Amino acid sequence: MRILVDAGNTLTKWQLRYAGNTVAGGQGDLRALCDWVSALDDSKQYAVAVSCVKEDTYAHKIGEAFESLSSATLHFVKSSATFAGVSNAYDEPQCLGVDRWLALLAIKARGENSAVIIDVGTACTIDVLENGHHLGGYIFPGMALARDALVANTDKIRFSEDPEPSTSLGSDTASCVLSGIWLTLLTSCQSVIDRFPNATVYLTGGAGRELVVLGLDAQRVDGLVFDGLDFWLNGA
């Protein structure tokens, strides 16, 4: 059995997979993960793969959570120069965020060699895969991060309203700020998509639904990091 852990910037999620199928899972903080692990059957064999974009101390605590499973083999995945025919664009491959690397591997696992991958979470990341080669990508603030930065670094931009996502001209401070951020996200993503017209576009992350509503033509997918972890274990 396989345990896959995705420790992101704002949330930790996990899955238990057997024969390629997800049979259990959850999300929450480290305590919730520890409680879930402690309830597992220790008589079974587990291969554990972890993606962690948080600090090393958090990763260490994840490792401690699995100490109760004597039959578990624990792997912390790192980005590498190549894996299963996918090459990394970074001069220092290990510096590519492991979540981005695993998303690229998930696309390979789907049998595709070219794609634009957009992940709209705390940060918005865009990565381009062409014929198995990672060409590089972009990182810029996601919706909440951009909004909070404007509020934190200005004296008079203050609002409590949360209008529906829109790229229309705003008529008050809240709509001006939020429409501006949505417009920035949408046009930035669309600009990259337009440069690679033959690539399949995959969209994931918490704000993906809103971008589709605003008109971004992309295939919504969930769990790319989990799929990448599962694929990575096949070659571990």
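Going by the structure above, here's the rest.
What you see is a predicted model; the values in this text were computed from it and never measured.

**Some remarks on unusual backbone geometry**
Next, step 1: Here the phi dihedral of A19 falls at roughly 55°; this positive angle occurs in a residue that is not glycine.
Next, step 2: Here A19 lies in the loop between β2 (12–18) and β3 (21–28).
Next, step 3: Its identity is not glycine, yet A84 carries a phi of approximately 50°, on the positive side.
Next, step 4: Take A84: it is sitting in the loop between β6 (82–83) and β7 (86–87).
Next, step 5: Residue class for A84 comes out partly exposed when judged on its relative accessible area of 40%.

**Some words on the nonpolar core**
Next, step 1: In terms of nonpolar packing, the biggest core is built from 27 residues, with V116, I118, C124, I126, L185, L211 and L216 touching the most fellow members.
Next, step 2: By residue number, the principal contributor to this core is helix α5 (residues 173–195), which donates nine residues.
Next, step 3: Aside from chain neighbours lying at most four places away, what touches I118 is C124, T125, I126, C189, I193, V201, Y202, L203, T204 and L216.
Next, step 4: The next biggest cluster of nonpolar side chains, apart from the first, holds 26 residues, and it includes L4, V98, L104 and L229.

**Overview of the pairing of strand β4 (residues 46–52)**
Next, step 1: Counting buried positions along β4 yields six of seven residues, so the element is predominantly enclosed.
Next, step 2: Pairing of strand β1 (residues 2–7) with β4 involves six bridges; the strand directions are parallel. Within the sheet, the bridge partner assigned to R2 lies in β4 and is A47.
Next, step 3: Two elements, β4 and strand β5 (residues 72–76), share five bridges in a ladder whose sense is parallel. Within the sheet, the bridge partner assigned to V48 lies in β5 and is L74.
Next, step 4: You can see the chain leave β4, run along helix α2 (residues 56–65) and come back into β5, and the turn it takes is right-handed.

**Here's the deal with the environment of T187**
Next, step 1: Summarising the element assignment, T187 is placed in helix α5.
Next, step 2: In this structure the C-alpha to C-alpha distance between T187 and R2, which are 185 residues apart in sequence, comes to 39 Å.

**Looking at the sheet that holds β4**
Next, step 1: Reading across from one edge, β3-β2-β1-β4-β5 is the order of the five strands in this open sheet, with mixed pairing throughout. The two strands at the open ends of the sheet, each matched to only one other strand, are β3 and β5. Strand after strand, the sheet turns through a mean of 15° between neighbouring axes, direction not considered.

**A word on the pattern of salt bridges**
Next, step 1: Counted by the stated rule, this structure contains nine salt bridges.
Next, step 2: One salt bridge in this structure joins D35 and R31, with 3.6 Å as the shortest N-O distance. Residue D35 and its partner R31 are located together in helix α1 (residues 30–38), separated by four residues, close to a single helical turn.
Next, step 3: Classification of R31 as exposed rests on a relative accessible area of 55%.
Next, step 4: Taking the shortest distance from any N to any O, the salt bridge between D222 and R220 comes out at 3.9 Å.
Next, step 5: You can call D222 exposed: its relative accessible area is 60%.
Next, step 6: One salt-bridge network, in which partners are shared between bridges, spans R2, R17, D227 and D230.

**As for the environment of P93**
Next, step 1: Locating P93 in the fold gives a position in the loop between β7 and α3 (98–109).
Next, step 2: Under the relative-accessibility criterion, P93 is labelled buried at 16%.
Next, step 3: Linking P93 and W232, residues 139 residues apart in sequence, is a C-alpha distance of 16 Å.
Next, step 4: Setting aside chain neighbours within four positions, we find P93 in contact with S79, S80, A81 and N88.

Quick notes on the rules
- Residues numbered from 1 in each chain as written.
- Predicted model: local features only at pLDDT ≥ 70, side-chain atom pairs only at ≥ 80, totals over all residues.
- Heavy atoms only, no water.
- Helix = DSSP H or I, 4+ residues; strand = E, 2+ residues; numbered from the N terminus.
- Buried < 20%, exposed > 50% of the residue type's maximum accessible area, 1.4 Å probe, protein only.
- Core = buried A, V, L, I, M, F, W, Y, C linked by side-chain atoms within 4.5 Å.
- Contact = heavy atoms within 4.5 Å.
- Pairing = 2+ DSSP bridges.
- Right-handed = clockwise from strand over helix to strand, strands pointing away.
- Axes fitted to C-alpha atoms, helices over the stretch in contact; angles between N-to-C directions.
- Salt bridge = Lys/Arg side-chain N within 4 Å of Asp/Glu carboxyl O.

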